[in-house]
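One letter stands for each residue in the lines below.
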Amino acid sequence: MSTPNPLLASIDGLIDYAAIQPGHIEPAITALIEETRAAVQRSADPALSAQWDVIIEPLEDASGKLWRAWSVAGHLNAVVNTAELRAAYNACLPLVTEFSTWVGLHAGLYAQYKRLKASDAFATLSAERQRVIELALRDFRLSGVELEGEARTRYAQISDQQAQASQKFSENVLDSVDQWSLYIQDEARLAGLPADIVEAARIAADEDGKHGWKLVLKMPCYLPVMQHARDASLRQEMYRAYATVASEQGQPQFDNSTLIEQLLALRAEEAALLGYDSFAALRLETRMADDATQVLGFLRELAARAKAFAIKDLAVLREFAHQNLGMDELQPWDIAYASERMREERYAYSEEDVKQYFTEPQVLKGLFDVIQTLFGVSLRRCDAPVWHEDAQAFEVVTAENTVAGTLYIDLYARQGKQSGAWVDSERTRRLSAHGLQTPVIWLTCNFSRPQGGKPALLTHDDVITLFHETGHALHALLSQVNEPGVSPFAAVEWDAIELPSQFMENFCWEWPVLRGLSAHVDTGEPLPRELFDKLLAARNFHSGMQTLRQVEFALFDMLIHQQSQGLSIQTVLETLNEVRKEVAVLFPPEWHRFPHNFSHLFAGGYGAGYYSYKWAEVLSSDAYAAFEENAQTGPDGLPDLLDAKTGQRFLQEILAVGGARPASDSFVAFRGRQPSIDALLRHSGLVSETSA
């Protein structure tokens, strides 16, 4: 008797991740594509009556199962990558891409949506369903449905080639990072590194059957080396390795140069086929921003506001490095090291001091307390099959004790797991004739794992990252939208999708919250007020340089995607250099290959959209200002921003509505006015004393 395929299990239950094998993927995806293809053909029958329940409901039933299975395959490929899993995923990628393109080009289905929009029944549909139809019609047009002949055929080819190139780009980055290591035999070269990092490196070498210490390019190892290693040659070697990931300057077998050229050419060609002068113009059709001119103006205004602060940041750092560290010239691999020494001297604390107070169990408890206070839901650990022993599952429980969704959290870096932090969905909330389908969300990070029998320790930056990703997760978990077509991740404009995540980051700077998040790894004592004050004083340390760095990335992204045709890798690098001349104060070496590792742009959906981080930060800072305005005085006489009433308004006007209305409407509904940049500049310390 054959074992059931876990990917074909009922969509109402939880996936048995522990039972999934690479061999399950292709049979499941193939079967579900055919099932969904048949459903599309049935819904496209012009003899059907133009009614939601007849045309769209059956289509959602079939497609929901397919996209869930494909999401699971993609998730596993990202977090427990093996040769077998990668092969299975890659075998299905062209099948899924071809099917998606086929649906987007399906004139018969497009005609059905147009019939629904024109029917008398349209006016009787809910606002959500009306928006689903309107967005679908827009997306059909942007998917090339109105193309004919050779243009139609070429569009399908472009879609497949883009998917393949993006996947290969991602694989090259992962492999380039995973296959680089540096074995240290002389412990003196590790001087300055925190004890837990040294011990982790020793364990890693031992697991490889080697003596000494193994250093890798994963962030829990790379960043502490750059911040703390006294050996400048070690910092330089690590810096060069990370700066040349997936490029001809590093490991040429993983060089992403050709893939960058290919993706830019394909994107420009796609835009031209659809009648746009650039990929940026095409992408901005579905954004809050009006056009590239507006985006470039926004970024350049922000750069102008930040540049004087950044110049001062760098001048002070150079002087400190010269006077205190004997560095006559500050090299790129010295920046993080000198900055950390300056932070320690100026604010009398180190990240290592702070990290001892942020144990993973206490941080999660404090985070869950914040969620319950603001939004009235609790997170309860549940017993569910997971893909790796690092992962944990939690139920989202309402005040009425009903389960609103499931959240999986996978926090630690490991071999075969993509770098970075992200949130994605296995299943979206949907209310249908079959009942309520609750969302299932994955939250993935790459923190240091527990060692020595003690819980994992998080830096304050790690805590901010966790709150950021939790904001994304809450957007999906607390949605009250009943139609998948207008769920948060499906329909919220890309330049507003970061609003909830960046909003949540702000609570990591509030004393009542930080106190609740902290418990010293050895004593259990909460973070001392004195240490918090130092942390707060350092909040905007080098804020000018950090702001310019983000503007640099966003300008580069917009400019390379604002072209009418593809670019050579040389022109891509020259464009980045021109952007740096315009806005940067820090300049990396000529051999630096940042674009080759810029997965957001070339494998993560942020092409012509990286500006969204700063655009949405305007929204999130202004939204958080509502909590500042409504703060209550706590027992210690300090403001307490965990205001449940304001939290409920944020829930109802931002999180719960997802993409059921334009993001600008949701913001105005919460704030009562259009967004202002003032709160962002104030929170970032980019306001001079005379103008404050």
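Residues numbered from 1 in each chain as written. Predicted model: local features only at pLDDT ≥ 70, side-chain atom pairs only at ≥ 80, totals over all residues. Heavy atoms only, no water.

Chemist: Sorry if this is basic, but what is going on with the overall build of the chain here?
Modeler: The number of helices and strands found in the chain is 27 helices and 11 strands. A globule of 692 residues ought to have a C-alpha radius of gyration of about 26 Å, and the chain, at 25 Å, matches this closely. Taking the principal axes of its C-alpha atoms as reference, the chain extends roughly 80 × 60 × 60 Å. Taken over 692 residues, the chain has a buried fraction of 57%. Taking the contacts inside the chain whose residues are at least 6 apart along the sequence as the reference set, 74% of them involve residues at least 24 apart. Here the chain displays about 28,300 Å² of accessible surface, and carbon together with sulfur accounts for 50% of that area. Where the 60 positive side-chain charges of the chain centre and where its 93 negative ones centre are 1 Å apart. (Helix = DSSP H or I, 4+ residues; strand = E, 2+ residues; numbered from the N terminus. Rg over C-alpha atoms; globule rule 2.2 N^0.38 Å. Buried < 20%, exposed > 50% of the residue type's maximum accessible area, 1.4 Å probe, protein only. Contact = heavy atoms within 4.5 Å. Areas by Shrake-Rupley, 256 points an atom, 1.4 Å probe, with all protein chains shown as cover. Lys, Arg positive; Asp, Glu negative; His and termini not counted. Charge placed at Lys NZ, Arg CZ, Asp CG, Glu CD.)

Chemist: Looking at this structure, I do not really get the sheet that holds strand β3 (residues 378–382). What am I missing?
Modeler: Backbone-to-backbone hydrogen bonds pair the strands of a sheet. The strands run either parallel or antiparallel. Strands sit in the order β3-β4-β5-β9-β6 across an open sheet of five strands; the sheet is mixed. Strands at the two margins of the open sheet, each flanked by one partner only, are β3 and β6 (422–427). Between one strand and the next, the sheet's axes are offset by a mean angle of 30°, whatever the strand orientation. Sheet topology places β6 next to strand β9 (residues 440–447); five bridges connect them, and they run antiparallel. The residue bridging Val-423 from the neighbouring strand is Leu-443, located in β9. Sheet contacts for helix α2 (residues 52–79): β5 (403–412), β6 and β9; angle to β6, the most-contacted strand, approximately 145°. Strands β4 (392–397), β5, β6 and β9 of the sheet are contacted by helix α16 (residues 460–477), whose axis makes an angle of about 170° with β9. (Pairing = 2+ DSSP bridges. Axes fitted to C-alpha atoms, helices over the stretch in contact; angles between N-to-C directions.)

Chemist: Which parts of the structure should I look at to understand the packing of helix α8 (residues 219–228) against helix α9 (residues 232–243)?
Modeler: Close contact between α8 and α9 brings their axes to 9 Å; oriented N to C, the two are set at 135°. Relative to α9, the element α8 is oriented oblique. Here the hand of the crossing between α8 and α9 comes out left-handed. Only Leu-234, Arg-235, Met-238, Tyr-239 and Tyr-242 of α9 make contact with α8, whose side of the interface consists of Met-219, Tyr-222, Val-225 and Met-226. (Parallel < 35°, antiparallel > 145°, perpendicular 65-115°, else oblique. Left-handed = near helix turned anticlockwise from the far one by under 90°.)

Chemist: Please explain the pairing of β9 as it appears in this structure.
Modeler: Side chains on a regular strand alternate between the two faces of the sheet. With respect to burial, β9 is a largely interior element, eight of its eight residues being buried. Pairing of β5 with β9 involves six bridges; the strand directions are parallel. By the bridge assignment, Tyr-408 is partnered in β9 with Trp-442.

Chemist: Please clarify how the environment of Ala-608 should be interpreted in this entry.
Modeler: By the secondary structure assignment, Ala-608 is in the loop between α23 (599–602) and α24 (612–629). When the C-alpha atoms of Ala-608 and Met-558 are compared, they prove to be 5.1 Å apart, with 50 residues separating the residues in sequence.

Chemist: What should I look at first to understand the environment of Ala-456 in this one?
Modeler: Inspection of the secondary structure puts Ala-456 in the loop between β9 and α16. Those residues within four positions of Ala-456 in sequence are excluded, and the remaining contacts are Phe-358, Thr-359, Glu-360, Tyr-412, Ser-448, Arg-449 and Pro-450.

Chemist: How should the pattern of salt bridges be read in this particular structure?
Modeler: Side-chain pairs of opposite charge can arise whenever the charged atoms involved come near each other. Within the structure shown, the criterion is met by 44 salt bridges. The shortest N-O distance in the salt bridge between Arg-430 and Glu-57 comes to 3.0 Å. Taken together, the positions of Arg-430 in strand β7 (residues 430–432) and Glu-57 in helix α2 put the pair 373 residues apart, joining distant regions of the chain. Within this structure, Asp-53, Glu-57, Asp-61, Arg-129, Arg-430 and Glu-483 form a network of salt bridges that share partners. (Salt bridge = Lys/Arg side-chain N within 4 Å of Asp/Glu carboxyl O.)

Chemist: When you look at the nonpolar core in this model, what are you seeing that I'm missing?
Modeler: As a rule of thumb, soluble globular proteins bury nonpolar side chains together. Among the nonpolar cores identified, the biggest contains 166 residues, and Leu-215, Phe-375, Phe-507 and Phe-650 are the most heavily contacted of them. Element by element, the count of residues in this core is highest for helix α12 (residues 292–325), at 13 residues. Sequence-distant contacts of Phe-375, that is, excluding residues within four places in its chain, are made with Leu-474, Leu-478, Phe-503, Met-504, Gly-647, Gln-648, Phe-650, Leu-651 and Leu-655. If you look at the next biggest cluster of nonpolar residues, it comprises 60 residues, including Leu-32, Ile-55, Val-79 and Cys-92. (Core = buried A, V, L, I, M, F, W, Y, C linked by side-chain atoms within 4.5 Å.)

Chemist: Explanation requested: the side chain of Arg-341 in the structure shown.
Modeler: Secondary-structure assignment places Arg-341 in helix α13 (residues 335–347). Engagement of the side chain of Arg-341 in a polar contact is seen with the side chain of His-228, the distance being 3.1 Å. Those residues in contact with Arg-341, other than ones at most four positions away along the chain, are Gln-227, His-228, Phe-320 and Leu-325. (Polar contact = N/O pair within 3.5 Å; in protein donor to acceptor, adjacent residues only side chain to side chain.)

Chemist: I would appreciate a short explanation of the packing of aromatic side chains in the present structure.
Modeler: The geometry of two aromatic rings is summed up by the distance between their centres and the angle between their planes. Across all of its chains, the model carries 36 aromatic pairs by this definition. Taking the centre distance of 4.6 Å and the plane angle of 25° together, the rings of Tyr-222 and Tyr-242 count as stacked. You can see Tyr-222 sitting in helix α8 and its partner Tyr-242 sitting in helix α9, a full 20 residues away along the chain. By relative accessible area, which is 8% here, Tyr-222 ends up buried. The exposure class of Tyr-242 is partly exposed, given its relative accessible area of 26%. Aromatic pair Tyr-239 and Trp-591: ring centres 6.0 Å apart, planes at 75°, arrangement edge-to-face. Taken together, the residues Tyr-239 in helix α9 and Trp-591 in the loop between α22 (569–583) and α23 connect sequence positions 352 residues apart. Across the pair, Trp-591 and Tyr-239 agree in class, each one buried. By way of ring pairs, the aromatic residues Phe-375, Phe-503, Phe-507, Tyr-624, Phe-627, Phe-650 and Phe-670 are connected into one cluster. (Phe/Tyr/Trp six-rings, centres within 6.5 Å; stacked < 30°, edge-to-face > 60°.)

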